[in-house]
Amino acid sequence: MTNLSQCIATAQKDLPHYRMANCLRSLAIDAVEKAQSGHPGAPMGLADAATVLWSKHLKFDSQAPDWPDRDRFVLSNGHASMLLYSVLYLTGYPSMTLDDIKAFRQWGSSTPGHPEYGHTPGVEVTTGPLGQGLASAVGMAIAERSLQARFGQDLVDHRTWVICGDGCLMEGISQEAISLAGHLKLDKLTVLYDDNGISIDGSTDKAFTEDVAGRFEACGWHVISCDGHDHEAIDRAIVAARQETGKPSLVKLRTLIGFGSPNKSGQESSHGAPLGSDERRKTLDALGWTVEPFDIPDTERQAWLKTAQGGQQAHQEWEKRLETADDETREAFLRQTAGRLPETVSAAVQAAKQSLIEQRPTLATRKASQMALSQLAEQIPELIGGSADLTGSNLTRVDAVGKDFQAGTPEGRYLSYGVREFGMAAMMNGIAAHGGLVPYGGTFFVFSDYARNAIRLSALMKLGVIYVMTHDSIGLGEDGPTHQPVEHLASFRAMPGVTVLRPADAVETLEAWQVAVNSRHTPTMLVLSRQAVPALRTQAGDNLTARGAYVIRESGQQRDATIIATGTEVSLAVQAAEKLHEQGINAAVVSMPSWELFEQMDAPYRDEVLGEAPRIAVEAASTFGWGRYVGSESNVVGLSGFGASAPADRLYQHFQITEEAIIARVQGLLGVHS
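No experiment lies behind these values; they were computed from the predicted model shown. (Residues numbered from 1 in each chain as written. Predicted model: local features only at pLDDT ≥ 70, side-chain atom pairs only at ≥ 80, totals over all residues. Heavy atoms only, no water.)

## Here we look at the overall build of the protein
Alright, step 1. Each helix and strand counted, the protein has 27 helices and 20 strands in total.
Alright, step 2. The C-alpha atoms of the protein give a radius of gyration of 28 Å, which matches the 26 Å a tight globule of 674 residues would have.
Alright, step 3. C-alpha atoms of the protein, sized along the principal axes, occupy 90 × 55 × 45 Å.
Alright, step 4. Summed over all atoms, the accessible surface of the protein reaches about 24700 Å², with 47% contributed by carbon and sulfur.
Alright, step 5. Looking at the protein, you have 58 positive and 80 negative side-chain charges, and the mean spots of the two groups are 1 Å apart. (Helix = DSSP H or I, 4+ residues; strand = E, 2+ residues; numbered from the N terminus. Rg over C-alpha atoms; globule rule 2.2 N^0.38 Å. Areas by Shrake-Rupley, 256 points an atom, 1.4 Å probe, with all protein chains shown as cover. Lys, Arg positive; Asp, Glu negative; His and termini not counted. Charge placed at Lys NZ, Arg CZ, Asp CG, Glu CD.)

## Considering the state of the cysteines
When the sulfur atoms of two cysteines share a covalent bond, that bond is a disulfide.
Alright, step 1. Using the criterion set out here, one finds zero disulfides in the structure.
Alright, step 2. Summary of cysteine pairing: Cys164 is not part of a disulfide, and the nearest cysteine sulfur, belonging to Cys168, is at 5.2 Å.
Alright, step 3. Its relative accessible area of 0% is what places Cys164 among the buried residues.
Alright, step 4. The structure places no disulfide on Cys226, whose sulfur is separated from the nearest cysteine sulfur, that of Cys7, by 13 Å. (Disulfide = S-S within 2.5 Å. Buried < 20%, exposed > 50% of the residue type's maximum accessible area, 1.4 Å probe, protein only.)

## Let's talk about helix α15 (residues 345-359)
Alright, step 1. Spanning 15 residues, α15 covers 21 Å between terminal C-alpha atoms, matching the ideal 21 Å at 1.5 Å per step.
Alright, step 2. Taken residue by residue, α15 has Val345, Ala348, Val349, Ala352, Lys353, Leu356 and Ile357 as its buried positions.
Alright, step 3. In this structure, the buried side of α15 is in contact with α16 (365-379) and α21 (506-518).
Alright, step 4. Taken from the residues just after α15, Arg360 is the one with a positive phi, measuring 50°. (Expected span 1.5 Å × (residues − 1). Contact = heavy atoms within 4.5 Å.)

## Brief notes about the side chain of Ser458
Alright, step 1. Along the chain, Ser458 falls in helix α19 (residues 448-461).
Alright, step 2. In this structure Ser458 touches Asn429, Leu463, Val465, Tyr467 and Pro523, once residues within four positions along its chain are discounted.

## Quick word on the sheet that holds strand β20 (residues 636-639)
Alright, step 1. Ordered by their spatial adjacency, five strands build an open sheet running β16-β18-β17-β19-β20, and the pairing between neighbours is mixed. For this open sheet the edge positions go to β16 (550-553) and β20, each flanked by a neighbour on one side alone. Strand-to-strand, the axes of this sheet are offset by a mean angle of 25°, without reference to chain direction.
Alright, step 2. Two elements, strand β19 (residues 615-622) and β20, share three bridges in a ladder whose sense is parallel. The residue bridging Val618 from the neighbouring strand is Val637, located in β20. (Pairing = 2+ DSSP bridges. Axes fitted to C-alpha atoms, helices over the stretch in contact; angles between N-to-C directions.)

## Some words on the nonpolar core
Across soluble globular proteins, nonpolar side chains have a tendency to be buried as a group.
Alright, step 1. With 77 residues, the main nonpolar core has Ile142, Leu189, Trp221, Ile455 and Met525 as its most contacted residues.
Alright, step 2. Looking at this core element by element, the count peaks at ten residues for helix α6 (residues 132-151).
Alright, step 3. Ignoring anything within four residues of it in the chain, the contact list for Met525 reads Phe445, Ile455, Tyr467, Met469, Phe492, Val498, Thr499, Val500 and Leu501.
Alright, step 4. With 62 residues, the next largest nonpolar core counts Ile8, Leu24, Val52 and Ile234 among its residues. (Core = buried A, V, L, I, M, F, W, Y, C linked by side-chain atoms within 4.5 Å.)

## Some thoughts on the packing of α15 against α21
Alright, step 1. Across the interface, α15 lies against α21 with an axial gap of 9 Å and an inter-helix angle of 170°. Taken together, α15 and α21 sit at an angle that is classed as roughly antiparallel. The residues of α21 that touch α15, namely those facing Ser346, Val349, Ala352, Lys353, Leu356 and Ile357, are Ala506, Val507, Leu510, Glu511 and Gln514.
Alright, step 2. Tallied by class, residues from the contact of α15 with α21 come to seven nonpolar, two polar and two charged. (Parallel < 35°, antiparallel > 145°, perpendicular 65-115°, else oblique. Nonpolar A, V, L, I, M, F, W, Y, C, P; charged D, E, K, R; others polar.)

## Notes on the sheet that holds strand β14 (residues 524-527)
Alright, step 1. Here we have six strands laid out as an open sheet, ordered β10-β9-β11-β12-β14-β13, and parallel in their pairing. A strand with exactly one partner marks an edge of an open sheet, and here the two such strands are β10 (414-416) and β13 (499-501). For this sheet, the mean inter-axis angle between neighbouring strands, taken without regard to orientation, is 20°.
Alright, step 2. Each of β11 (438-444), β12 (466-470) and β14 is contacted by α19, which is oriented at about 160° to β12, the strand it contacts most.

## A few points about the layout of surface pockets
Alright, step 1. By volume, the largest pocket is sized at about 960 Å³.
Alright, step 2. Around the largest pocket sit 44 residues that line it, and Tyr117, Ala432, Ala433, Leu463 and His521 are the ones nearest its centre.
Alright, step 3. At the level of elements, α14 (327-338), α18 (421-434), β11 and α19 are the ones that each hand at least two residues to the lining of the largest pocket.
Alright, step 4. For the lining of the largest pocket, the class distribution of residues is 20 nonpolar, 15 polar and nine charged. (1 Å grid on protein atoms, 1.4 Å probe; cavity = no way out; pocket = protein on both sides within 12 Å on 5 of 7 lines; lining within 4 Å. Points joined across faces, edges and corners; volume = space filled by probe spheres on them.)

## A word on the environment of Leu256
Alright, step 1. Note that Leu256 resides in the loop between β7 (249-254) and α11 (277-287).
Alright, step 2. Residues Leu256 and Cys7, spaced 249 residues apart in sequence, show a C-alpha to C-alpha distance of 7.7 Å.

## Quick word on the pattern of salt bridges
Alright, step 1. Across all of its chains, the model carries 32 salt bridges by this definition.
Alright, step 2. Salt-bridge contacts for Asp187 lead to Arg145; the nearest nitrogen and oxygen are separated by 3.1 Å. Residue Asp187 is located in the loop between α8 (172-184) and β3 (189-195), and its partner Arg145 is located in helix α6; the two are separated by 42 residues in the primary sequence. Each member of the pair, Asp187 as well as Arg145, is classed as buried.
Alright, step 3. Among the ionic pairs, Arg628 bridges to Glu599, the shortest N-O distance being 3.8 Å. On the criterion of sequence distance, the pair formed by Arg628 in helix α25 (residues 627-630) and Glu599 in helix α23 (residues 595-600) is long-range, its members being 29 residues apart.
Alright, step 4. Overall, Arg628 belongs to the exposed group, its relative accessible area being 52%.
Alright, step 5. Look at Glu599 and you get partly exposed, because its relative accessible area is 32%. (Salt bridge = Lys/Arg side-chain N within 4 Å of Asp/Glu carboxyl O.)

So this is what it looks like as structure tokens:
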């Protein structure tokens, strides 16, 4: 459908809803025009579908945006943000005012260029990088089903809705998401696909000609196609989607981008630029919409406000059910949705730490991670984990999580994500943003590159997602340089808002997990070894890992040098320091599992740990960035290139990450010759 007059005639068959949709169109046009920046085309084309969805199907309470049993809505094509902002304003969200609409894309407003979670009430997840909203919505649908299995339908019974565009479905992450959603039979997930046939470069015929409906059907979805401007057809399609059991649904809406614009509808020119004042006037004339900029007729304003009433009543009824639930269920539900850990966690961690101090195990930190997880998963029922098809390597499964989360066993707390690292990370973002659960997921550290953009969104949204990244260095050995991370630690340390933790032994690994489960507003990356390391810590006491760095070994009264190390290299540093002490050189060893946490400590503590003596750093990774602590990268025992395929010991020898190399570097720094 590309004929504008035909589209308008179709939409006008339901005149009240057509006029409500024109409210969305005009606000989007005016906001983009005033900002001289933005994307009017998609909101104009999607206004009819959005009107039907909000007025007839979406369960929401504009006065309580965080009500736990609300429906979740995700605008995956986040560039169409004015569609969502206009709906939030018209349905009465107190935080979305007309002044905010007028301040679209301006400093300090609640209407940024793309929707931002935590910035604008009513925005469920940050979108903009195409496809990730769809994948995050799959995570939200997983969360709903998991929580319903625990707390019952009286407290948890809501749907997840997505609007996505052609770009979202071009991105590879969309296939990861829809494949798993179909496998899991997430039948409360409905995607409205804006099939307008236009991308930035023009017609999608240039690059995107696949059978989208067939693709979704092949992945186990229920697919319905309809005219995206026929309100009755849209309503029938959504009703059919809601009635479907056993499959998620795709509603394929054939729409006209820039709906209403005589000269730009159906063209890429309406996608990412203002219409212009002359075309704005012509568009409103074509729509039969005679209002001043940003004005909304009172009849339509009241009609939009009325759409919230059904959800408000549903919210009141839900509150009564919560009040009459048994005490244990109610208290557990409120604790989980508030993001509070059980009071028993700290004592359980301390007991496990004391046991490790007494047993002094030598083991890989990935194995130590599994041991820590065994303790925590028993104490924290909201902990839900998984792996990107590397469970036996990441060691992310423990008995306490029970069964696999599958369509027939939604009470299970272990997700088999398959070989879908990017999708896994984005789905975990959705699980965390939904609330009530703490997601963790594992893969090899080198494959964090596949997931990087979703990890970046974890940080941007301040979500407490836990990334379990094993096989952390050349120490993984024979798999070779394709699997050996080198630059990854430096790159994630450079990413704002991510806590990177590379623990040195079993005690530090347990403490790192304690940091992670307590970090509800910061994603945590646990970087873990394949090879075994000796026990180093000798006392339980405080969580020293939470300080980011601390002196793990001191030699003598006067410090001659400081050796800073992380992870598997801390034990090498300790051994080197012992030999240096035999030579009369007192070298303190600082274990630095987390740069980020160390930088949060006060200056006197940092100065005390680092000391005034000359310093070197040791890490089986890129030397990049270590100059901030040791003055120059020449003072780092590390890597300047990729690894190789060989046993770990041979690689450490070849790349000179050894006791002897550490000793020589300290001696050279002090001007001492062996």
